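Remarks on the overall topology
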Amino acid sequence: MQGRKGMMPGPALGAALALAVTLAGPGIESLRGQAEVPLPALLEPEFLLSVAEIVDPASWRDAATVLGTADGEIVAEHSLTVFDLLYVPGVVEGRALAPGDRVQLFRLDRPIEDPETGEWLGDLLVPTGVARVEDVKGEVARVRVTDAFHEILVGDRVRVVDGLNGGGFGATAMAGPGGGRVVAFQEEKAIHPTFDTLFLRPEVAGALAAGQVVELFRPGRIRDGIRLPDRVLGKAMVVRSHGPLAEAVTFELKGPDLAPGDLYRAVSSDPTP
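Below: a short report on this structure.

Cut-offs and rules
Residues numbered from 1 in each chain as written. Predicted model: local features only at pLDDT ≥ 70, side-chain atom pairs only at ≥ 80, totals over all residues. Heavy atoms only, no water. Salt bridge = Lys/Arg side-chain N within 4 Å of Asp/Glu carboxyl O. Helix = DSSP H or I, 4+ residues; strand = E, 2+ residues; numbered from the N terminus. Core = buried A, V, L, I, M, F, W, Y, C linked by side-chain atoms within 4.5 Å. Buried < 20%, exposed > 50% of the residue type's maximum accessible area, 1.4 Å probe, protein only. Contact = heavy atoms within 4.5 Å. Pairing = 2+ DSSP bridges.

Brief notes about the pattern of salt bridges
Tallied over the entire structure, the rule returns 22 salt bridges. A salt bridge links Arg265 to Glu215, with the shortest nitrogen-to-oxygen separation between them at 2.8 Å. In this pair, Arg265 sits in strand β20 (residues 263-267) while Glu215 sits in strand β15 (residues 213-218), placing the two residues 50 residues apart along the sequence. Each of Asp114, Glu119, Arg181 and Arg201 takes part in one network of salt bridges that share partners.

In C-alpha cells, the structure reads:
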C-alpha cells in the first residue's frame, strides 16, 4: 500500500483480483491448460466499477462534478484517495442522492481510434474511484471515498453506481462467430501484465458477450510462399459488451507485448472437451 495520497487499488479491485488468484489455486500459473474456464471474479459488479469504457464524450458534457473537499481544499491538483471526504452536487443524473447511495467518480481521458481504419470510436472514460454518500445538506452531498483506482481530483465527473455494472454478474457465454481486433488498452504502456483491460472490436457487431473467452494472436508470417503458424499471445475474458465494442481482461499471457491492432478469435467458454 502506498502513501495516503498515492494511488490505491481499493477494496473492490483488490478483492476481485484476490478472488481471481484464489480461484486459480496455488497461483495464476495454474490457469495454464485451463484457459477455457472463465474467472468469475472478473464479472463481479465491484470489479467492473474499475473497468474503463469508450463513450461519446458529448453524453457527459453536462455531468455533475466533484465540487471540493471537506477540508476546504478546492485546488484541482489536490489528489484524493480512500477515506477522504468530498462534496458533490446533491442531484446526480436527475436523481436526488440520499445517505448510503454510491457514486462512481471518473474522467474522460483520450480519444480512441481504430488502429486499422483510423475511425474515431469515442473517448476513454476512466473510473477514478467510488464514494458513498454520508449526508446531504441543501444542494450539496458529502461523500466518502471507498475505492480509489487512480488519483481522484476536484473536477472529476460523477455518476450514480446503480445500473453501471452491465456485463452481468455470473454471466457466461458461448463463443460468438468470427473474431476481430484489439483497438486500445485502458492504460497505454509498452508492457501489459495479466489483468489489463483491453477493448475489442468484433467483425460482427454484438458477437461478444460477458463471460466469453477469446484468444489473442498475430497472424503467422509468410516465408517462401508458406504461412507460418499464428503467434498466440494469450487469452482474455470479455467482461462487458455494448454497441460495437467490448471490454475484456487478460488472464493468461504468453508474452507482454500486446498492442492495438492485434487480432482475437473467440474460443469456447465450455470447459468440457
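Comments concerning the nonpolar core
Membership of the largest hydrophobic core comes to 19 residues, with the highest contact counts inside it found for Leu86, Val88, Leu97, Leu105 and Val158. Mapped onto this core, the elements with two or more residues apiece are β5 (85-89), β8 (102-113), β9 (120-137), β10 (140-148) and β12 (157-160). For this core, the element with the highest residue contribution is β10, accounting for four residues. Discounting residues that sit within four places of it in the chain, Leu86 has contacts with Val66, Gly68, Thr69, Ala70, Leu80, Ala141, Arg142, Val143 and Val145. Within the second largest apolar cluster, 15 residues are counted, among which are Val214, Leu216, Ala246 and Ala248.

A closer look at unusual backbone geometry
If you check the backbone angles, Glu93 has positive phi at about 55 degrees while not being a glycine. Inspection of the secondary structure assignment puts Glu93 in the loop between β6 (91-92) and β7 (95-96). Glu93 sits in the exposed class, given a relative accessible area of 52%. Its identity as a non-glycine residue notwithstanding, Phe195 has a phi of 75 degrees, on the positive side.

Details of the pairing of β12
The side chains of a regular strand alternate between the sheet's two faces. Pairing geometry for strand β2 (residues 64-65) and β12, over two bridges, is antiparallel. Pairing of Thr65 across the sheet is with Arg157, part of β12.

A closer look at the pairing of strand β19 (residues 245-253)
Most of β19 is tucked away: nine of the nine residues are buried. Pairing of strand β14 (residues 197-202) with β19, which is carried by four bridges, proceeds in the antiparallel orientation. Paired with Thr197 across the two strands is Val249, which belongs to β19. Where strand β18 (residues 231-242) meets β19, eight bridges bridge the pair, whose relative direction is antiparallel. Bridged to Met237 within β19 is Val249. With antiparallel pairing between neighbouring strands as the criterion, β18 and β19 make up a hairpin whose turn holds two residues, including Gly243 at a positive phi of roughly 60 degrees.

The values reported here are purely geometric and, on their own, carry no functional implication.
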